[in-house]
Amino acid sequence: MTGEKAAKTAMTEGMNGLLTLRRILLVTGLLLSGAVTWMLLWTGDTYRNFAIETLNNSVSGTVNFFVGSRVAQDYGDKVTPIVNEWSRLGSLVKSFQENDQTRMKAELNILSNARQVVQGELNLVETIAYDVEFNKLATSDAELGASITDDPAVLAYLKNREKAESRKPATYMWSTPDGRPVFSFILPVGGFRAVGFLEVVTDPLPTLEGIGKVLGGNFRIFGNDGALLFESLEQDQTSEAEVLPTADGDAQETGEATTPSPATADTDTDTATATAPRSQRAAVDVLISDGRGGTWVKATFDRDITDFYAQTNDLRTLSIEILIAVLVVGWIAGWVLLRTTVLRNLRAFARAMTSISNGDTNVDLPKVGPDEIGDMKKALIGLRESVRQAMILQNMVANTPTMTALITPDGTLSYLNASAHAYIGGTTDTVSGDFLKLGNDFQTRLSNPDNLPFTEVIQTERDYLELLAAPVRDKDNVLLGTMLAWNTVTEREESRIAISEVMAEVSRVAQSVTEQSEGLLGLASELTSQSENTVAQSGGALDVSRQAAANTQNVATAVEELSSSIAEINRRASEASDVTNRAQQEAEESQRNIGSLEKASSEIGSIIDLINDIAHRTKLLSLNATIEAERAGPLGKGFAVVANEVKSLADQTASATGQIGDLTAAIQQEVQKAAHSISTVGDVIHQVNDIQSTISQSVDEQRRATGEISENVQRIAAGAGSMDEMIQFVNDGAQSTGKNAHDLNTASHELSKMAKTLSDRMKAFSARMKIG
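Just so it is clear, the model here is predicted, and its values are computed rather than measured.

Judged by side-chain polarity, Ile392, Leu393 and Met396 come together as a nonpolar surface patch covering roughly 250 Å² of accessible area. On the basis of relative accessible area, Leu393 is assigned to the partly exposed category, the value being 32%.

Pasting the structure below:
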């Protein structure tokens, strides 16, 4: 906007000069031809100086913008992933955690041999380690002697940042005390849980290679001592170039330039006619901003304007020659010539220059011949192209998708580009005040130039906005207004918040799964151990059960033998009963049968021995049955009762057989007295019959008891078989449980590994996405 006003002013002055020239020519004629000559020279110089000033103003701003864009944005975006990776190196993080400054210094020196440094992807100057309070811990061997934290404002900002903001890398353009421009990255060491901070100081100047060719001139950066630090030439120069200095010899304000004085231009013109032509260059001193209101570096930019100088010099020379020719021909011929050629074309040029000053860079220029006016046309074409370049830059701002507004110092909204106009839904005439509804605190901060520039993300009622506020100053560093640029980042911010929440939830679930899987692993191990014990115990129980079944089978066999013996006793008891019956019937024949009685009594003794033997064996069997019942445990309790009963019956049988033995002995003693006691034989036989009945009853009871013992033994055998099957089932189940516990153990191991892997990957993804 400033260049356009200056162009309009210069064009107006040029037109006034031409009108004055015409009046002077009409009034004074040939007497003022010298004045006309001087006016022509003055007009050429004024036009040339104006064109150079316009060109320098536009180029200076372009250089400042281009350098800032390349370094602050392109270079920062390129190098940030590299240095961010350095800040997460495990060995470096460990040295911070252990506060081992010797090792920390060694790790910082190792970075100078990193692949990106060796391959030339970035020029590493120095690395500095800080603790969380930004106290310096260690530096690399470069020992630059300065740091961005030497700036109190920067240090205060770094210390007072919010926790979430401190996790993000910070970049700064600054210069060392000797004027060397550098670029620093401030990064948290360790990622999300920062254990300190790392400053990586780099040389960004190589990223400006080729800027001279892009801008069409020579770009140089100098240190405080005047030493050349960087140079990017338009092209290889084979001849000595004369660089025009600025008017006061000193660097002007950032982005501004001055033009050479007319006296210098005249001297050049005079000497140019006597010496070989040399290239002419317009130079401008540029102070590149560091983005914080200070100066990053002092630079110069010069470009070749030889053709322009040659055209203007030729134009002046030809104008003088034409004037001399006109004076020779005569005032009238000169007047007609001027009337028909010079003045008409000058008016056309004036109209064209007015149109150009109004922004019409497509204006048609009058057709002229290959004369001085033609040279002027060429110069005017050069001016038109310069103005067109300036307007292109203006249109870039007007049509950029980034919404931009300009606010005057008194708070008036003076400019909105197209995207800002569409977003706000109004114009500068209808919108004022807090048009983005950012709040009074933001407006107060925006109105104070000391707070500028700054960037931040703010949530409004409508969107999330990423804001950039920067001051706009003229060449005298007078504040013209504040540029406010913004972009809607609602989708990005909402995505970031959603991703943060999802990452936190997934991490929590992964941690819970890990803990549960570890608990499940312990339970699986315990279950495996218990199942192995169950298998071992069930195997022992199975052996005991099978032994008990075998013993029960032996008892059953013995009981069957006891039943057979009791049947035999019963049969013999029946025979004895028959014998006593016959003895009673044949009592009268007792005398005759004394010998038979003696023989019968002997047989009775044998039977008694047999009964005693059977009773003894039955007692032994009942004792064995009692022992086996004790071995059988709870299942043998009923069998133990029966065994005791058998033992009781065996004792009764033994007692009865003892009595029979005594009686038989008495009978044998009485046989000798039979002759004398025949009268008592009937009573004795009757007693024998009673005793025999008792024996029969005892034998019947023993037979019934033996049957019960046999039934109980069969039940015990059946129970032992069932118990064997149950123990076998328990054994099989325990083995199956052991296999399942082993599978569960393996699955728990896999689940624990998967949960830990998921947790590690989610942490790595969070760090890579920079989610706080």
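Counting buried residues along strand 10 (residues 295-304), 7 of its 10 residues qualify, which places the element largely inside the surrounding structure. Pairing of strand 6 (residues 218-222) with strand 10, which is carried by 5 bridges, proceeds in the antiparallel orientation. Directly across from Asn218, in strand 10, lies its bridge partner Asp302. Pairing of strand 9 (residues 279-289) with strand 10, which is carried by 9 bridges, proceeds in the antiparallel orientation. Within the sheet, the bridge partner assigned to Ser289 lies in strand 10 and is Thr295.

On to the confidence of the model for the protein chain, then. Per-chain confidence: the protein chain averages 74 in pLDDT, with 73% of residues scoring 70 or above. Scored below 50 in pLDDT, residues 238-276 shows 69 contacts in the model against residues more than four places distant or in partner chains.

Residue position: Ala194 is located in the loop between strand 4 (181-189) and strand 5 (196-203). A residue is classified by how much of its surface remains accessible, and Ala194, at 32% relative accessible area, is partly exposed. Setting aside anything within four residues of it in sequence, one finds Ala194 in contact with Val132, Pro188 and Val189.

Let us now look at a negative patch on the surface. Together, Glu645, Glu701, Glu708 and Glu711 give the surface a local cluster of negative charge. Among the elements that take part in the negative patch, helix 19 (residues 681-768) stands out by supplying 3 residues, more than any other. Tracing the chain through its elements places Glu708 in helix 19. On the accessibility criterion, Glu708 (47% relative accessible area) is partly exposed.

Per the counting criterion, the structure on display carries 8 aromatic pairs. Both rings, one in Tyr130 and one in Phe134, keep their centres 5.6 Å apart while their planes meet at 45°; by these two values the pair is tilted. For the pair formed by Tyr130 and Phe134, the shared burial category is buried. Judged by centre distance (6.3 Å) and plane angle (65°), the rings of Tyr423 and Trp486 are edge-to-face. You can see Tyr423 sitting in helix 13 (residues 418-424) and its partner Trp486 sitting in strand 15 (residues 479-488), a full 63 residues away along the chain.

Read across the sheet, 5 strands follow the order 12-11-15-14-13 without closing on themselves; strand pairing throughout is antiparallel. Looking at the sheet topology across the chains shown, the edges are occupied by strand 12 (413-416) and strand 13 (454-459). Strand-to-strand twist in this sheet, taken as the mean axis angle between neighbours without regard to direction, amounts to 25°. Taken together, the 9 bridges between strand 14 (residues 464-473) and strand 15 define a ladder with antiparallel strand orientation.

Attention now goes to the environment of Ser140. Its place among the elements puts Ser140 in the loop between strand 2 (136-139) and helix 6 (152-159). Each C-alpha atom of the pair Ser140 and Lys105 lies 5.8 Å from the other, and the pair is 35 residues apart in sequence. Residues in contact with Ser140, not counting those within four places in the same chain, are Lys105, Leu108, Asn109, Glu126 and Thr127.

So, on to the pattern of salt bridges. Pairs can form between side chains of opposite charge whenever their charged atoms are close. The final tally for this structure, using the stated rule, is 10 salt bridges. One salt bridge connects Asp290 with Arg292, and the closest N-O pair in it is separated by 3.4 Å. Salt bridges linked by common partners bring Arg220, Glu231 and Asp302 together as one network.

The biggest cluster of nonpolar side chains holds 60 residues, and the ones touching the most others in it are Val63, Val67, Trp86, Leu208 and Phe219. With 13 residues, the single largest contributor to this core is helix 2 (residues 33-86). Excluding residues within four positions of it along the chain, Trp86 makes contact with Leu92, Leu111, Ala114, Gln116, Val117, Leu122, Leu124 and Val200. Counting 21 residues, the second largest nonpolar core, distinct from the first, contains Leu438, Leu446, Ile458 and Leu484.

With that settled, consider the pairing of strand 4. Burial within strand 4 is extensive, with 9 of its 9 residues counted as buried. The pairing of strand 3 (residues 170-175) with strand 4 spans 6 bridges and is antiparallel. Residue pairing in the sheet places Tyr172 in a bridge with Ser184 of strand 4. Between the antiparallel neighbours strand 3 and strand 4 lie 5 residues, among them Gly179 with a positive phi of about 90°. Two elements, strand 4 and strand 5, share 7 bridges in a ladder whose sense is antiparallel. Directly across from Leu187, in strand 5, lies its bridge partner Leu198. Where strand 4 hands over to strand 5, the hairpin turn is made up of 6 residues, of which Gly190 adopts a positive phi near 100°.

Definitions and limits used
- Residues numbered from 1 in each chain as written.
- Predicted model: local features only at pLDDT ≥ 70, side-chain atom pairs only at ≥ 80, totals over all residues.
- Heavy atoms only, no water.
- Patch = residues over 30% accessible without salt bridge, like charges linked within 9 Å, V, L, I, M, F, W, Y side chains within 5 Å.
- Areas by Shrake-Rupley, 256 points an atom, 1.4 Å probe, with all protein chains shown as cover.
- Salt bridge = Lys/Arg side-chain N within 4 Å of Asp/Glu carboxyl O.
- Buried < 20%, exposed > 50% of the residue type's maximum accessible area, 1.4 Å probe, protein only.
- Helix = DSSP H or I, 4+ residues; strand = E, 2+ residues; numbered from the N terminus.
- Pairing = 2+ DSSP bridges.
- pLDDT = per-residue confidence, 0-100.
- Contact = heavy atoms within 4.5 Å.
- Lys, Arg positive; Asp, Glu negative; His and termini not counted.
- Charge placed at Lys NZ, Arg CZ, Asp CG, Glu CD.
- Phe/Tyr/Trp six-rings, centres within 6.5 Å; stacked < 30°, edge-to-face > 60°.
- Axes fitted to C-alpha atoms, helices over the stretch in contact; angles between N-to-C directions.
- Core = buried A, V, L, I, M, F, W, Y, C linked by side-chain atoms within 4.5 Å.

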